[in-house]
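Observations on the model geometry
This is what each chain is made of:
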Amino acid sequence: IKNGNVFPMFSSLWYNGIEPFRYTAPLPYYLVALLQFFANGNIMDSYLLFIGVSFAVGALGWIMWGVKFNRILLCTIFGVLWAFLPDIARATFSEGNISIILVNCILPYLLYFLWNFVLYRKTNSIYPIIILTILIALSNIVTAMVICIAIFVILVIVGFVNKRFIEPIYAIVGMTLSFLVI
């Protein structure tokens with residue numbers, strides 16, 4: 001990046017030599033580049049550091065649930081198991097798809113703030129929802145759209161069950177408009 005090349009090729013072995021920014025969003029690669037700084041310029045060490053940071057940050061999202069419901073041990077177990085779910089483990093250890101890894105790291109936080117906003121009417125939770133949706137979209141746009149569609153379906157069901165539609169509508173509009181920020 002310093003030499004004027006805004007599309008750096010970290011390693012010719014990744015993605016069969018295709019430039020990483022060509023087909024995917026930039027946020028995961030900038031994060032790996034930042035971690036490469038901490039790994040003294042070694043790309044393989046920065047990937048291992050990325051895996052460790054993703055594991056810790058994803059687990060902390062579940063621990064937030066544990067603090068809220070006073071079930072810290074149970075949610076800590078969920079946080080550890082979260083990293084080893086079959087799809088997440090496949091993306092992490094088999095494919096090395098850092099954009100999917102980052103999305104899976106952010107997802108528990110998005111669900112936590114959605115839960116707070118829709119069911120507990122914590123209006124300040126809409127801001128983290130929007131920011132997290134932007135971060136997910138900057139990580140992998142296709143996965144972000146799939147997540148938003150799934151959350152739309154869930155929020156429609158929650159709206160009918162609770163007979164309260166204003167919070168789900170606000171959450172859906174906030175998540176949809178966050179795509180326009182990008």
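Details of the structure are given in the entry above.
Here is what the cut-offs are and how they apply
- Residues numbered from 1 in each chain as written.
- Predicted model: local features only at pLDDT ≥ 70, side-chain atom pairs only at ≥ 80, totals over all residues.
- Heavy atoms only, no water.
- Axes fitted to C-alpha atoms, helices over the stretch in contact; angles between N-to-C directions.
- Helix = DSSP H or I, 4+ residues; strand = E, 2+ residues; numbered from the N terminus.
- Parallel < 35°, antiparallel > 145°, perpendicular 65-115°, else oblique.
- Left-handed = near helix turned anticlockwise from the far one by under 90°.
- Contact = heavy atoms within 4.5 Å.
- Phe/Tyr/Trp six-rings, centres within 6.5 Å; stacked < 30°, edge-to-face > 60°.
- Buried < 20%, exposed > 50% of the residue type's maximum accessible area, 1.4 Å probe, protein only.
- Lys NZ or Arg CZ within 6 Å of the ring centre and 35° of its normal.
- Nonpolar A, V, L, I, M, F, W, Y, C, P; charged D, E, K, R; others polar.
- Polar contact = N/O pair within 3.5 Å; in protein donor to acceptor, adjacent residues only side chain to side chain.
- Salt bridge = Lys/Arg side-chain N within 4 Å of Asp/Glu carboxyl O.

Right, let's get into the packing of helix α8 (residues 141-162) against helix α9 (residues 166-181). Contact geometry of α8 with α9 gives a least axis separation of 9 Å together with a crossing angle of 170°. As judged from the angle between their axes, α8 and α9 are roughly antiparallel. Where α8 crosses over α9, the handedness of that crossing is left-handed. Residue-level contacts link Ile 141, Ala 144, Met 145, Cys 148, Ile 151, Phe 152, Leu 155 and Gly 159 of α8 to Pro 168, Ala 171, Ile 172, Met 175 and Phe 179 of α9.

Turning our eyes to something else, we now look at the packing of aromatic side chains. Applying the stated rule across the entire model yields twelve aromatic pairs. Each ring, one from Phe 37 and one from Phe 38, has its centre 5.4 Å from the other, and the planes form 70°; the classification is edge-to-face. Accessibility classification places Phe 37 together with Phe 38 in one group, the exposed group. With centroids separated by 6.2 Å and ring planes inclined at 55°, the aromatic side chains of Phe 55 and Phe 84 adopt a geometry described as tilted. Here Phe 55 is found in helix α3 (residues 43-69), whereas its partner Phe 84 is found in the loop between α4 (72-82) and α5 (86-95), with 29 residues between them in sequence. By way of ring pairs, the aromatic residues Trp 62, Trp 65, Phe 69, Phe 78, Trp 82, Tyr 112, Phe 113 and Trp 115 are connected into one cluster. Positioned above the aromatic ring of Tyr 120, the side-chain terminus of Lys 68 is 4.6 Å from the ring centre.

Below, the discussion takes up the packing of helix α6 (residues 98-119) against helix α7 (residues 126-139). Contact geometry for α6 and α7: axes closest at 9 Å, N-to-C directions at 160°. In this view, α6 runs roughly antiparallel relative to α7, as classed from their interaxial angle. In this structure, the crossing between α6 and α7 has a hand that is left-handed. Side by side, α6 and α7 meet where Ser 99, Leu 102, Val 103, Ile 106, Tyr 109, Leu 110, Phe 113, Leu 114 and Phe 117 of the first sit next to Ile 126, Pro 128, Ile 129, Leu 132, Thr 133, Leu 135, Ile 136 and Ser 139 of the second. Split into classes, the residues belonging to the contact of α6 with α7 amount to 14 nonpolar, three polar and no charged.

Right, let's talk about the side chain of Ser 139 for a bit. Relative to the elements of secondary structure, Ser 139 occurs in helix α7. A polar contact is formed between the side chain of Ser 139 and the backbone oxygen of Leu 135, at a distance of 2.8 Å. If near-sequence neighbours (up to four positions away) are discounted, Ser 139 is found in contact with Ala 25, Leu 27, Pro 28, Ser 99, Leu 102, Val 103 and Ile 106.

Going through the model one piece at a time under the given rule, you end up with four salt bridges. Two residues, Glu 167 and Arg 121, come together in a salt bridge whose shortest N-O distance is 3.3 Å. With a gap of 46 residues between them, Glu 167 in helix α9 and Arg 121 in the loop between α6 and α7 connect regions that are remote in the sequence. A residue is classified by how much of its surface remains accessible, and Arg 121, at 45% relative accessible area, is partly exposed. Counted as one network, the salt bridges with shared partners bring together Asp 87, Arg 90 and Glu 95.

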